[in-house]
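Read off the chains here:
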Amino acid sequence: MATKRATPKVTKGKPSQKQVEKLVSIPSDVVLAPQVEAPRHATGRDQSRARSQVQELTWAQFDRAVQTLALAIRQSYSPAAVVGVAHGGVFVGGALSSALGAEFFPVRISRRSRDKGQAKPKLSGEMPRELKGKRVLIVDDVASSGDTLALAVALARKVGAREVSTAALVSRPDGFEPDFFALSTDSLVIFPWDYEDVAEDGRFDVDPDKAGA
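Residues numbered from 1 in each chain as written. Predicted model: local features only at pLDDT ≥ 70, side-chain atom pairs only at ≥ 80, totals over all residues. Heavy atoms only, no water.

(A) Broad picture of the nonpolar core. Formed by 29 residues in total, the largest nonpolar core has its most connected members in Phe-62, Ile-73, Leu-96, Leu-137, Leu-169 and Phe-191. Sorting the residues of this core by element identifies helix H1 (59–74), helix H2 (88–100), strand E5 (135–143), strand E6 (163–171) and strand E7 (180–184) as the ones contributing at least two each. Counting residues per element, this core draws most heavily on H1, which supplies seven residues. For Leu-137, the contacting residues outside a window of four places in its chain are Ile-73, Tyr-77, Pro-79, Ala-81, Val-82, Val-83, Leu-96, Leu-100, Ser-165, Thr-166, Ala-167 and Phe-180. Among the nonpolar cores identified, the runner-up in size contains 20 residues, and Leu-131, Ala-152, Val-164 and Ala-168 belong to it. (Core = buried A, V, L, I, M, F, W, Y, C linked by side-chain atoms within 4.5 Å. Buried < 20%, exposed > 50% of the residue type's maximum accessible area, 1.4 Å probe, protein only. Helix = DSSP H or I, 4+ residues; strand = E, 2+ residues; numbered from the N terminus. Contact = heavy atoms within 4.5 Å.)

(B) Seen up close, unusual backbone geometry. For the bond from Ala-86 to His-87, the omega torsion is 15 degrees, close enough to zero to count as cis. When you line up the elements, His-87 lands in the loop between strand E2 (81–86) and H2.

(C) Broad picture of the environment of Asp-179. On the secondary structure map, Asp-179 appears in the loop between E6 and E7. Sequence separation of Asp-179 and Ile-138 is 41 residues, and the distance between their C-alpha atoms is 9.9 Å. At a separation of 2.9 Å, a polar atom in the side chain of Asp-179 contacts the main-chain amide nitrogen of Thr-166. (Polar contact = N/O pair within 3.5 Å; in protein donor to acceptor, adjacent residues only side chain to side chain.)

Okay, structure coming up:
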């Protein structure tokens, strides 16, 4: 079944009521502060290709992108379960599951090595058996080669998912194109969670490591 690809743009300034139903990832007791510099520690993201620009997302911009992405997904796809691929896909997937009213399952997919991008990804842990018979959305933060998303899709189908689609917050213009994405850019994107440890702050009531991801 062909799934319509959507490339919604993230609007600048204050979003409309229709565009943003609620802030899905910001805890009520967190005060947002401007981000003044890039993280000085390694984020674990693939930075093998030189990026001509750096694009930073605040939590507010992340929420607007998620809500825009969720709106596009609802127009052609109604997942019963969202699978977020750790690390970044857990934040995006958790926010999307909240916006879409779907169950959320975090998983961790790791590579055998980082040698020049030649290693194939492998699953560390298990794909949830609860996906059997359900319409599933596999989510990552960035879709580059598509290897990780492709493996996650295959594993979801292996446990009996009825239908599987893919989504990412960022898609590379010269890379794999997921079924749904919010931003298409070749810039190095720095996400809000790159700045601090937020796995256990209660944002999604889930710690990837403790949840089997």
